[in-house]
Amino acid sequence: MPKWIRLAQVSLVASAVFLVSCTSTSDIESMPSKNYSERVKSLVMHFTAVNYQESVDALVAEGNVSSHYLIPRLDDSSYPHDRLKAFQLVDENKRAWHAGLSYWQGRSGLNDHSIGIEIVNVPFCQEDNPADASLSAITPQIMGAEKNRDLCIFPEFEEEQIQILIKLSKEILERNPDIEPTAVIGHSDIAPSRKNDPGPKFPWYRLYQEGIGAWYDNESLSYHWLAFNQTPPSLALIQQALSAYGYDLVATGRMDQQTIDTLSAFQMHFLPWQVTGEFDNQTGAAIFALLDKYFPEKYEQLNTIYQSEVLSAQINKQAIKESVQQSQLTKSFPEPLSNNEEQLANRAQFKAYKGRGELFIETTDARSADIFINGQKLNLGNFDQAQRTRVSIHRRTIDGQNSLRVENVQPAGASIKISIPYPTLAYEVAPFKPLFRHVDRFIRDEVKEGFPGAAIAVVYKGKIIKRTSYGYAKKYDAIGEPLAQLEAMSSEHMFDLSSNTKVFATTLAIMQLANEGEIDIYRPVHYYIPEYRGNGREVVLVRDLLAHASGYADEFKFYRPDNKYGEYFYSQNKLKTSRLLLTALPFESVLGSTQEYSDTNFMLLGLLVERVTGMSLDEYSQEKIYSPLGLKNTLFNPLRAGFSAEQFAATEIFGNTRGRHIDFPNVREHVLQGEVHDEKAYYSMQGVSGHAGLFSNTDDLAILSQMMLNGGGYGNVKLFNEATMARFIKPSGKSNNIGLGWQLASDKSKQDLFSPYASASAFGHTGWTGTAVVIDPSYDLAIILLSNKRHSKVTAIEDDYEFAADKFETGKYGSVISMIYEALIEFEAQKQLQNEN
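Procedures and definitions
- Residues numbered from 1 in each chain as written.
- Predicted model: local features only at pLDDT ≥ 70, side-chain atom pairs only at ≥ 80, totals over all residues.
- Heavy atoms only, no water.
- Helix = DSSP H or I, 4+ residues; strand = E, 2+ residues; numbered from the N terminus.
- Buried < 20%, exposed > 50% of the residue type's maximum accessible area, 1.4 Å probe, protein only.
- Lys, Arg positive; Asp, Glu negative; His and termini not counted.
- Charge placed at Lys NZ, Arg CZ, Asp CG, Glu CD.
- Patch = residues over 30% accessible without salt bridge, like charges linked within 9 Å, V, L, I, M, F, W, Y side chains within 5 Å.
- Areas by Shrake-Rupley, 256 points an atom, 1.4 Å probe, with all protein chains shown as cover.
- Salt bridge = Lys/Arg side-chain N within 4 Å of Asp/Glu carboxyl O.
- Polar contact = N/O pair within 3.5 Å; in protein donor to acceptor, adjacent residues only side chain to side chain.
- Contact = heavy atoms within 4.5 Å.
- Pairing = 2+ DSSP bridges.
- Axes fitted to C-alpha atoms, helices over the stretch in contact; angles between N-to-C directions.
- Parallel < 35°, antiparallel > 145°, perpendicular 65-115°, else oblique.
- Left-handed = near helix turned anticlockwise from the far one by under 90°.
- Nonpolar A, V, L, I, M, F, W, Y, C, P; charged D, E, K, R; others polar.
- Core = buried A, V, L, I, M, F, W, Y, C linked by side-chain atoms within 4.5 Å.
- Phe/Tyr/Trp six-rings, centres within 6.5 Å; stacked < 30°, edge-to-face > 60°.
- pLDDT = per-residue confidence, 0-100.
- 1 Å grid on protein atoms, 1.4 Å probe; cavity = no way out; pocket = protein on both sides within 12 Å on 5 of 7 lines; lining within 4 Å.
- Points joined across faces, edges and corners; volume = space filled by probe spheres on them.

Chemist: In this structure, what is going on with the overall build of the protein chain? I would like to understand it.
Modeler: Looking only at helices and strands, the protein chain has 22 helices and 33 strands in total. Considering only C-alpha atoms, the protein chain reaches an extent of 145 × 75 × 50 Å along its principal axes. Counting the 837 residues in the protein chain, one finds 52% classified as buried. Each charge sign in the protein chain was given a centre, from 80 positive and 102 negative side chains, and these centres are 5 Å apart.

Encoded structure:
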């Protein structure tokens, strides 16, 4: 052995002895403290989104990311081994780079205090790059799937992967006792706006059964679900609950993008069968059940808030009822006088009908007053100051506008408050039956020739003077053969209103919100929905959408993978469709250059109502419009609300296939009855959309029409005032036949709807399924024509499809509406001529 080697060995031994000697003689003495904790607080699950070899390249090579463990996949061709095993890439005591920007339970930057497990699992994802319409499926070149990769199909995890994961996780938890069950989480939980791994197929419940992670108790879930069905918690409370559980979420009370992302992440973890990003009572129940189980103190605090919300809801329910129960006239008398205003003060005008009407008097100090209706003094005794006095005025009212005057309120200095409700509908059909015999004969003849069915209501001067049904609600069975027993149409049958949804749901909602100052139609849409930006969206006003002047095409078929802009824009999920509408769908023309009727405008307006109110469109319209008016048969998704299919007029025979000529994923092929026909509403928006989805019948639409004829109210319910209504039913731009939401008769260009007889003040709308409503204030008239003309055989003609019932005049509206106008005009003319003679 060379001498220099022996010298080196001696030197090393001497150095070691010296070091030991120094250590043993150190002044440092161990004194263990009880005040410490483990570094590791969380266990984070990921999927790699790439195969084994690409995962190794990304996780092991310098300059990229890492994780503590990697679990391969046996069916992965890039995996070189015959047996599946886990690989440790980073020591548990060291910091791996797997979490990125992240937050959980008060801690940010989870790389500092977590262990990460990457599992090879490759979703089929579509690149988020809407500028490129020719997108092809790609494999993400980063670890985990980016949140904005909208279209992802998630494969199942292998059974052997899960067995290895369970064994490894148990060992990690044993070595790291500070990892609580609620801190076993996914990448999407700690970064919900960026990530969606480990995805909805990850077996969280199975891990929980093995003692890994958290899950709710079914009894607690059911308890809270039932409670929330009675009184839903506020969105702000749900945001607080998610934050209390661990998510990075601020309680804003608004359905902002962070909330949508967080709800999606929570649902992927705890409700993977319904990942919608929307708040519902089951999601709320799951959050509360988890808090009840794992964070009882936080739960008690939040449950106390919820109980106060229940109490407030009970109080507010009455307050809401009272807030919408506003008479057409509510005024205090006497009014203060100044200068020479004696002929101006203490007077008012109201709408009524001959032989009908009432007013209410309230006072705390007045004994009597002289009250005149149309110049005739009411016979009143002394007032009962303890009660609200109801006074019939039916002997003094006339059709149309009536005058009210109040004098001599006694004693001097006292006051009274007078309220007069809006007119409500009376029913007087029998005397008018002969008037419409020609209409009845015309429609019944068409039914004999093959038209399926219809229902009509005519409202005239405050009365329903016609309420008739024709033909059949359903003629064909599931294979397109005539039923052995045809289902007769009735006036009670409900119809798919199709585009009449635009006016009787979305436009009415916006009119009400505008009247209350919640929406300013002259503000940009992005003022209310901040993410509605880019490519010119910033300058689009709410009014532009209402006026069909935004520049969008007439429709976009999100529900089809082969749509105009490619698979990126394919969506049969409301959350994704909403995101595409707000951030990606391009314009077809320059803003304001044309008024092109467009479903897209009203899909966006439906989202606007939801964003401003914090309620879904169906919930808002039901609570704020239909229920106060007493409407029982006007709603979205009626089959989910307990109605049966037999209560509806059927539409297309073979679903959305146009006689089995059209196919796309999940296409319906059965007879549609009680399900919205419109494909965008049904598939892409889950039945509730601003452009389609509403069902109703002639009776309910008669009330809504009379409400419009009254100037915004019905009975003791006021939805909006006449000034608001006037803004919506006047021409909105270059086209004189388009108002804000409503179609107009002002330039006589839409006689196919309004007929030649409609006045210039008439307005209304149609629906593709065969529905039409005309409201004409000049005649104090409303005509409701509902048909199921799409319930007929279909013939393919080149690239188009023709329904057999399209050839009938009843389904074209104008002829029938014209006959009704003509009958009434001639009726009034004959009355006048007889009176003159």
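Chemist: Looking at this model, I keep getting lost on a nonpolar patch on the surface. Mind explaining?
Modeler: Nonpolar side chains collect at one region of the surface, where V539, V590 and L591 lie side by side and expose about 260 Å² of accessible area between them. Tracing the sequence through the fold places V539 in the loop between helix 13 (525-528) and helix 14 (542-546).

Chemist: Quick question: what am I supposed to make of the side chain of R537 here?
Modeler: If you trace the backbone, R537 turns up in the loop between helix 13 and helix 14. One buried charge, R537, has no salt-bridge partner; the nearest side chain with opposite charge is E538, at 6.8 Å. Polar side-chain contacts of R537 include one of 3.4 Å to the backbone oxygen of A584. Setting aside residues up to four positions removed in sequence, R537 forms contacts with Y532, Y552, L582, T583, A584, L585 and F587.

Chemist: For this particular structure, what's the right way to read the sheet that holds strand 24 (residues 635-636)?
Modeler: Backbone-to-backbone hydrogen bonds pair the strands of a sheet. The strands run either parallel or antiparallel. Strand order across the open sheet formed by three strands is 23-25-24, with antiparallel pairing between neighbours. The open sheet has two edge strands with one neighbour each: strand 23 (495-496) and strand 24.

Chemist: It is not clear to me how the packing of helix 6 (residues 218-230) against helix 9 (residues 281-294) should be interpreted in this structure. Could you clarify?
Modeler: Between two packed helices, the angle of one axis relative to the other and the distance separating the axes together describe the packing. Close contact between helix 6 and helix 9 brings their axes to 8 Å; oriented N to C, the two are set at 135°. Here helix 6 is positioned oblique relative to helix 9, judged by the angle of their axes. The handedness of the crossing between helix 6 and helix 9 is right-handed. Facing helix 6, whose interface residues are S220, L221, H224, W225, F228 and N229, helix 9 presents N281, Q282, G284, A285, A286, F288, A289 and D292. Its residues assigned to classes, the contact of helix 6 with helix 9 shows seven nonpolar, six polar and one charged.

Chemist: Got a minute to help me understand the side chain of E610 in this structure?
Modeler: With respect to the secondary-structure elements, E610 resides in helix 16 (residues 599-613). Given the relative accessible area of 16%, E610 is considered buried. Within the local environment of E610, its side chain forms a polar contact with the backbone nitrogen of L617, the two atoms lying 2.9 Å apart.

Chemist: Looking at this model, I keep getting lost on unusual backbone geometry. Mind explaining?
Modeler: The omega angle of the peptide bond from D197 to P198 is 15°, so this bond is cis rather than trans. Tracing the backbone through its elements, the reader meets P198 in the loop between helix 4 (187-190) and helix 5 (204-209). Cis geometry is adopted by the peptide bond preceding P411, which originates at Q410 and carries an omega value of -5°. The topology assignment puts P411 in the loop between strand 17 (400-410) and strand 18 (416-420). A positive phi angle is found at R658, which is not glycine, with a value near 50°.

Chemist: How should the nonpolar core be read in this particular structure?
Modeler: The nonpolar side chains of a soluble globular protein tend to be buried, and buried together. Among the nonpolar cores identified, the biggest contains 84 residues, and L508, L704, M708 and W742 are the most heavily contacted of them. Counting 74 residues, the second-largest nonpolar core is a separate cluster that includes L43, I115, F154 and I179.

Chemist: Would you mind going over the packing of aromatic side chains with me for this structure?
Modeler: Within a pair of aromatic rings, the relevant descriptors are the distance that separates the centres and the angle that separates the planes. As enumerated under the stated definition, the model contains 39 aromatic pairs in all. Relative to F270, the ring of Y216 lies with its centre 6.4 Å away and its plane at 50°, an arrangement referred to as tilted. Here F270 lies in helix 8 (residues 257-270) and Y216 lies in the loop between helix 5 and helix 6, a separation of 54 residues in the sequence. Overall, the relative accessible area of 0% leaves F270 in the buried class. An angle of 15° between the planes, with centres 5.4 Å apart, marks the rings of F556 and Y565 as stacked. This pair shows no difference in class: F556 is buried, exactly as Y565 is.

Chemist: Quick question: what am I supposed to make of the confidence of the model for the protein chain here?
Modeler: Any segment with low pLDDT has predicted coordinates that should not be analysed in fine detail. Across the protein chain, the average pLDDT comes to 89, with 92% of residues at or above 70. The low-confidence segment residues 1-25, where pLDDT is below 50, has two contacts with residues more than four positions distant or belonging to other chains. In this model, residues 128-149 is a region of pLDDT below 50 whose contacts with residues beyond four sequence positions or in other chains number 66 contacts.

Chemist: Would you explain empty space enclosed by the protein in this entry?
Modeler: By rolling a water-sized probe across the atoms, one finds the places where empty space is left. If you walk through the whole model with that rule in mind, you get one cavity of 30 Å³ or more. What the largest cavity holds in volume is close to 30 Å³. Lining of the largest cavity is provided by K574, M603, G606, L607, E610, L617, M685, V688, S689 and G690. For the lining of the largest cavity, the element with the most residues is helix 16, which contributes four residues. By residue class, the composition of the lining of the largest cavity is five nonpolar, three polar and two charged.

Chemist: What is the right way to look at the pairing of strand 6 (residues 114-119) in this model?
Modeler: The two faces of a sheet get side chains in turn, since along a regular strand they alternate between them. Among the six residues in strand 6, six count as buried, and that is most of the element. Note: strand 1 (residues 42-47) against strand 6, six bridges, orientation parallel. Bridging across to strand 6, H46 finds its partner in E118. In this structure, strand 2 (residues 69-71) lies alongside strand 6, joined through three bridges in parallel fashion. From the neighbouring strand, I71 faces strand 6, where its bridge partner is I119.

Chemist: Teacher, can you tell me more about the pattern of salt bridges here?
Modeler: Side-chain pairing between opposite charges can occur once the charged atoms of the two side chains come close. This structure, assessed with the given rule, holds 36 salt bridges. Of the charged contacts in the structure, one is a salt bridge between R405 and E407, with a shortest N-O distance of 3.0 Å. For R405, a relative accessible area of 23% gives the class partly exposed. In this structure E407 comes out as partly exposed when scored by relative accessible area, which is 34%.

Chemist: What should I look at first to understand a negative patch on the surface in this one?
Modeler: Negative charge collects at one region of the surface, where E798, D799, D800 and E802 lie side by side. Tracing the backbone shows D800 in strand 33 (residues 800-803). A relative accessible area of 51% means that D800 is categorised as exposed.

Chemist: Sorry, what's going on with the sheet that holds strand 12 (residues 347-352) here?
Modeler: A sheet is described by the order of its strands in space; here four strands give the open sequence 12-17-14-15, paired in antiparallel fashion. Strands with a single pairing partner mark the edges of an open sheet, and in this sheet they are strand 12 and strand 15 (376-377). Looking at chain direction, strand 14 (residues 368-373) and strand 17 are connected through five bridges and run antiparallel. Note that in strand 17 the partner of I373 across the bridge is L404.

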